[in-house]
Each structure stands twice: as structure tokens, then as C-alpha cells.
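Reading the structure
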Amino acid sequence: MIDLNVYGVVLISLVGLISYAIWSRLRMPLEYRQISSHVPSATKTFWSEMQMLWKMAMLKPKDILPFLLELTRNYGSVVHFNFASRSYVLLNNKDDLKILLSSTQYIKKGPEYEMLKPWLNEGLLLSSGQKWHNRRKLLTNTFHFKTLGMYNLSINKHSRKLVDKLLKASTNGNKEISIFEYITLCSLDMICETIMGTEMNAQEGKSVEYVHSIKCACKLVIERIFKVWLWNDLIYRISKSGQRFFKSTKVLHEFTDNVIKNKRASLNKTIIEKVQSDSTFEKPQKKSFLDILLNVLDENPDQMNDKDIREEVDTFLFEGHDTSSISMTMTLVLLGIYQDVQDRARDELFDIFGDSERDATMEDLNSMQYLEAVIKESLRLYPSVPGFSRELEKPLSINNYTLPPKTTVIVYPYVLHRNEDIYLNAEEFMPERFLEEENKEKFHFGYLPFSAGARNCIGQKYAMNQMKTVISTILRNMKFKSLGNKDDIQVSAQLILRIESLPKMNFFKLK
Ligand code: HEM
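Everything quoted here is computed from the prediction, not taken from an experiment. (Residues numbered from 1 in each chain as written. Predicted model: local features only at pLDDT ≥ 70, side-chain atom pairs only at ≥ 80, totals over all residues. Heavy atoms only, no water.)

Glancing now at the packing of helix α7 (residues 129-142) against helix α14 (residues 289-299). Contact pair α7 / α14: the axes reach a minimum separation of 9 Å and the direction vectors enclose 120 degrees. Classed by the angle they form, the pair α7 and α14 counts as oblique. Handedness of the crossing formed by α7 with α14: right-handed. Where α7 approaches α14, its residues Leu138, Leu139 and Thr142 are matched on the opposing element by Phe289, Ile292, Leu293, Val296 and Leu297. For the contact of α7 with α14, the residue count by class is seven nonpolar, one polar and no charged. (Axes fitted to C-alpha atoms, helices over the stretch in contact; angles between N-to-C directions. Helix = DSSP H or I, 4+ residues; strand = E, 2+ residues; numbered from the N terminus. Parallel < 35°, antiparallel > 145°, perpendicular 65-115°, else oblique. Left-handed = near helix turned anticlockwise from the far one by under 90°. Contact = heavy atoms within 4.5 Å. Nonpolar A, V, L, I, M, F, W, Y, C, P; charged D, E, K, R; others polar.)

Written out as C-alpha cells, the structure reads:
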């Protein structure tokens, strides 16, 4: 029996696809169409554009990275394609990337970032132009490396809690553990305490609604980017996924609003009490990012109102949560696979700490050179932000081509970090490559886990300190093993790298 319904759906989809392809081609500015005549292009003809549209519509998140790797293999380090009336160019050459990223002219983010706006508004990640410049200057002061030491206490405290949780859950190697969930909760506790000054106790199973909302909002916003039919704001608002997204962001916004209100009230109260009780008045001690920001704003009250502060707190929570969790998870799993690397990292820690159980200080963290190389290598193979983009506001002249304004230039560290011209045996896990002096120049703009140039990651030093503290605390207390090998690791590209499958792990108490 022929199922007419199936034929009907296929026919309607085909007609829809062809009409959409014609419509998007007609809407496309002439210069977009002209790029394909001088830049290696995967969509030179109308037919290839249709194929691309079909391919992208069918692409699952886990197929995106192999698809991009294949594009660079087939077309080289600069490849153009048109998709849904937009023109994209993927850059995979460090000289071209240096031109793009080191210029302050190309700081506008690509169109897909728009979908984060209902949550993050125009915080540092999404703003551009003068607003971005002013904010970046102001926030650099609050996120300066000199202030990072004060986050150490909470990061150490939550790392110890994580060790306790892992020991309890693994019952000294008898149970297999999926590490990601433990790391995510620990990282959430750290970021909430250091950014907002709020104890969430997520590792203790508290703050359930907030924890659920942040996970939900992250997942939904990322899903939307890959569902073209949800790009329209009106359609998204009435869709099920949109409704869940807005419900989650409402919880998150209300929470941040309350934290800011309470923080302001307690700062004012402390100031009044201090002034009344003490003539040698000192400002309250700085504790979190928000405390510092409010203090900076005391001196520059016109720079930001409460809504502006909320968008920055939300931005830092979003950027600082999943990124570090993924990276710590991948590093631990790799250390669990490569036991010789794990032993060498632990030996380095023994040289620094001996038998002492003290917290890791900033000085200790700076001495962890081998562990840093391990984390860097893990970020090379599995960059937490697998790709990012810029929309050109001015023409961009790279080595052999000039790209017109409005082109979306995409950069995929995941693909770049596998470029054999830069990395020998690129698929292999070899932390030592980051200890070799001669590689420093080679990796410049060829290693972009934190992006580079003016718009690089403002939290990278914080992230590195956090990752070193968590991983060193685990290494100092436990031995661990991954129950699989590197081929068992499968990831997919969403706004942030997602784990598709990962070996489970066993943890054993050291002493
Ligand atoms: C392993 C951890 C991390 C990685 C791999 C990472 C990576 C990145 C990357 C690639 C960008 C540029 C994104 C783009 O151009 O679209 C970025 C931007 C940013 N990151 Fe991170 N990040 C990490 C941790 C953090 C942490 C812990 C914070 C804050 C506490 C943070 C805050 C930010 C902010 C605010 C921006 C926007 C900067 C701007 O546009 O001026 N990140 N990050």
C-alpha cells in the first residue's frame, strides 16, 4: 500500500524548500552572490545552494563539526557558502584570523547571537560599538587579575566539597560515575558565589528552581539557533520551546534583580553602620564581582543603572558556567584515559604542596605549569566554545580576498585546532606541545579557545584559576580512571560544546 500522506508531506516539503531557496536568493544582496565568484564557495550555483539548504536543515548538532571539517578539507582555509539569505565565510587560517580578530573594526557579533538577547539583553557578550567599548573598559577593572585572588577562597571551598561528593558517590571505586553532572553543580556554586556573592548550594541539591531554569534556558537558546523555523520572534513566543525559554528567563531575571536589590541594601546598611560607629571609615570588603561592580559604580553613578547591572551579572553567569564545566569534564576524562599524564600532573602537585592539605594559593596556581599544559591541550581538542562569528560592518581584506560588509565570518576553534599545518598529529592528546617554546609563535592566532584580540574572553584568567584549583584538588586527593578511550568521547557543536557520549569514571581515595 502506498501511503499518500507520506508522499504529500514529501511533496509539500520539496515545494516549500524550492520556494524558500528562490525567495532567499532574490532577497540576497548582489555582493553576496558575487563573493562566490572569487572566494572558494560551496554554493556557487543555485542547485548547490539548494543542496546546502537541505543539508543544513537535516543537520543534527552532532553532524555540524564533521560537516565543517569536511568543508575545510574540500575547499581550503577560506570557504564561502550562502544559507537562508545570508552569506557565511569560514576562516581557518591563522594569518587571516589575526587580521580579523586583532582589529577593533570587526567587533559586531553574528546574527545568531540575537537569540540570546531576551535573556542577556545587551550585556558585554552581545553589545557592540561604543556601548561595548565603555562596558569592556569598566568591567576589565572589576575583573582584573589583581582581584582574582579574592575568589580563591570560595573556589577552594567548593572544590573540596566536590571531592567529598565524588568519594561518597564512587564508594572508593565501586561505582561508575558520570562526572559531568557533579562538575556542573560545583561550577554553578562557584560562579554564583563569586559573581553574585550568593551561596546556591547546588551541590547539596538546593536552589532547585534556579538551577533548573539556568540549565533549561541554556539548552533552549542553543536549540533555537539550529531550528530556522524558530528564528522569527513571534513564532518563537507562541512555540512550546519559546514559552519554556521565557518562563526560565523570568525566574533568572527575578532572581538576579533580588540579589542586586539585597546587595545594594546591605552595602548601604554597612556604610551607614560604619560611618556611625567609626570615624576612620573604610568601605565594605570586596567579595564578589557584583560587590566590586557596585563599588566602581559608587564612583561613576551615571555609567550603569540596575537593569544594566543585571544584564552583566546574567552575562557573566551564562558565559562562566557551562564553558568551565565542559572544559573541566573533558580534562578529567582525558586524565582518566592517559594515566601517565595523570601521574606526571600529580607529581608536579607533590612538588608544590608536598603532603600539605592547604588551599591552593595564586602562587601555587602559577606554578602548575604541566597541569596548565594539560588543560590547554584538552581545550584544544574540545574547545568549550566550538565556534563564534562576526558580522562585518566594513569590508575585510584578508590574504587573497576582500569580503563585503554584512558577510558573517565564522571561526571554529574546533576545526582550527585540528589544522595539521599548525598541530603535528592534531588528533592526538599531547600536553607537552604547550611546553615547547618554539610552538608559542606557531600557536599565535592558531589557538583560540578564548578567542583573541579586543573581544577575547574577559574571564579567561578566572577560568584557568578555577580549572586548576578544581582539578588539582581532585588529583591531590584521588586517583581516577576513565572506563573507555578517546574514541568513546563524542561531542556536538551548539553555542557551547555539548557532550554526546563520554566514558564513565572510577575514583579511588589516594591516602
Ligand atoms: C573554559 C572556560 C571559558 C572559555 C573556553 C571561554 C571562551 C570564550 C570565548 C571563545 C569568548 C568569545 C566569544 C565570542 O566572540 O562570541 C568568550 C567571551 C566572553 N567570556 Fe568566556 N570563556 C570561558 C570562561 C569564562 C568565564 C569563567 C567568564 C566569566 C566569569 C567568561 C566571561 C566571558 C565574557 C563576559 C565574554 C564576552 C567578552 C566580550 O565580548 O567582550 N568566560 N569566552
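Having seen the structure, we can now continue with the description.
Exactly one donor from the protein chain reaches the iron atom of the ligand: Cys457 (SG), at 2.3 Å. Here cysteine 457 shows up in the loop between α20 (439-443) and α21 (460-477). (Donors = N, O, S within 2.8 Å, 3.2 Å for Na, K, Ca; no water.)

Here serine 103 lies in the loop between α5 (94-102) and α6 (117-120). Separated by 351 residues in the primary sequence, serine 103 and alanine 454 have C-alpha atoms spaced 7.5 Å apart. Looking at serine 103, its side chain comes within polar contact range of the main-chain nitrogen of glutamine 105, at 2.9 Å. (Polar contact = N/O pair within 3.5 Å; in protein donor to acceptor, adjacent residues only side chain to side chain.)

You can read the domains of the protein chain as domain 1 (1-38) and domain 2 (42-509). Domain 1 and domain 2 are separated by 36 Å when their C-alpha centres are compared. (Domains from an automatic or database assignment.)

What follows is about the environment of arginine 135. Inspection of the secondary structure puts arginine 135 in helix α7. What makes arginine 135 buried here is its relative accessible area of 6%. In sequence terms arginine 135 and glycine 197 are 62 residues apart; their C-alpha atoms lie 21 Å from each other. Beyond its immediate stretch of four places on either side in the chain, arginine 135 contacts Glu122, Gly123, Leu124, Met304, Asp308, Glu311 and Glu312. For arginine 135, the side chain forms a polar contact with the side chain of glutamate 311, separated by 2.8 Å. A distance of 2.6 Å separates the side chain of arginine 135 from the side chain of glutamate 312, its partner in a polar contact. (Buried < 20%, exposed > 50% of the residue type's maximum accessible area, 1.4 Å probe, protein only.)

Around the ligand sit 29 residues in total, of which Tyr113, Trp132, Arg136, Arg455 and Cys457 are the nearest. A distance of 3.2 Å is found between an oxygen atom of the ligand and a side-chain nitrogen or oxygen belonging to lysine 109. Within the side chain of arginine 136, an N or O atom sits 2.8 Å from an oxygen atom of the ligand. Sorting elements by how many residues they give to the shell around the ligand places helix α15 (residues 306-337) first, with six residues. Class assignment for the residues of the shell around the ligand results in 16 nonpolar, eight polar and five charged. (Near = heavy atom within 4 Å.)

Here we come to the pairing of strand β3 (residues 388-391). Going residue by residue along β3, you find Phe388 and Arg390 tucked away on one face and Ser389 and Glu391 tucked away on the opposite face as well. Note: β3 against strand β6 (residues 408-411), four bridges, orientation antiparallel. By the bridge assignment for β6, arginine 390 is matched with valine 409. (Pairing = 2+ DSSP bridges.)

The next thing to look at is the packing of aromatic side chains. Taken as a whole and assessed by the stated rule, the structure comprises 13 aromatic pairs. Aromatic side chains tyrosine 210 and phenylalanine 255 sit 4.3 Å apart centroid to centroid with 40 degrees between the ring planes, which places their arrangement in the tilted category. One end of the pair, tyrosine 210, is in helix α11 (residues 208-225); the other, phenylalanine 255, is in helix α13 (residues 240-277), and 45 residues separate them in sequence. Take phenylalanine 255: its relative accessible area is 23%, and that puts it in the partly exposed class. An aromatic cluster of three or more residues is present, and its members are Tyr423, Phe434, Phe443 and Tyr447. (Phe/Tyr/Trp six-rings, centres within 6.5 Å; stacked < 30°, edge-to-face > 60°.)

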